Amino acid sequence: MPTYRGSCHCGAVTFSLVSEITELTTCDCSLCRRKHALMAKVHESALTVESGEDLLSAYEWNVSGVSPAPCCC
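Treat the numbers as computed from the prediction; the structure is a model and nothing was measured.

Draft legend 1. Molecular detail of the overall build of the protein. Per the secondary structure count, the protein includes one helix and five strands. Element order for the protein, N to C, with α for helix and β for strand: β-β-β-α-β-β. For the protein, with 73 residues in total, the buried portion stands at 14%. Approximately 5,800 Å² of the protein is accessible, and the part contributed by carbon and sulfur atoms is 52%.

Below you can see the structure in the form of C-alpha cells.
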C-alpha cells in the first residue's frame with residue numbers, strides 16, 4: 001500500500017498516511033485555491049501526525065471570532 005506525506009498550509013503540522021486514495025476533492029476557499037490543495041478521504045487509522053500535533057485544534061467554519069484559515073500559522 002502506498003505511503004503519502006503532507007502538511008498543513010504553513011507546514012507546521014506534517015503527516016503521513018498509508019492508504020489507497022480513490023478520490024480527490026478540491027476546496028473552493030481562497031487559501032486552498034492559492035495553494036492548489038487537494039483533500040482525500042481516508043480512515044483515521046491510516047493517518048499518522050508526524051510533527052505539530054500540539055498545534056492542532058478543533059476547527060469550525062463560519063464561527064464568530066474564528067480565522068477563516070484553518071491553519072495553525
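Draft legend 2. Seen up close, the sheet that holds strand S5 (residues 47-51). Pairing is antiparallel across the open sheet formed by three strands, whose spatial order is S1-S2-S5. Because the sheet does not close on itself, it has two edges, and the strands there are strand S1 (3-7) and S5. Averaged over all pairs of adjacent strands, the angle between their axes in this sheet comes to 25°, without regard to strand direction. Pairing of strand S2 (residues 14-18) with S5 involves four bridges; the strand directions are antiparallel. Across the sheet, Phe15 pairs through a bridge with Val49, a residue of S5.

Draft legend 3. Representation of the environment of Leu24 within the structure. Counting through the fold element by element, Leu24 comes out in strand S3 (residues 24-26). Overall, the relative accessible area of 53% leaves Leu24 in the exposed class. A C-alpha to C-alpha distance of 7.6 Å links Leu24 and Lys41, two positions 17 residues apart in sequence. Those residues in contact with Leu24 that sit more than four places away from it in its chain are Leu38, Met39 and Ala40.

What counts and what doesn't
- Residues numbered from 1 in each chain as written.
- Predicted model: local features only at pLDDT ≥ 70, side-chain atom pairs only at ≥ 80, totals over all residues.
- Heavy atoms only, no water.
- Helix = DSSP H or I, 4+ residues; strand = E, 2+ residues; numbered from the N terminus.
- Buried < 20%, exposed > 50% of the residue type's maximum accessible area, 1.4 Å probe, protein only.
- Areas by Shrake-Rupley, 256 points an atom, 1.4 Å probe, with all protein chains shown as cover.
- Pairing = 2+ DSSP bridges.
- Axes fitted to C-alpha atoms, helices over the stretch in contact; angles between N-to-C directions.
- Contact = heavy atoms within 4.5 Å.

From the geometry alone we can't say anything about function, so treat these as descriptive.
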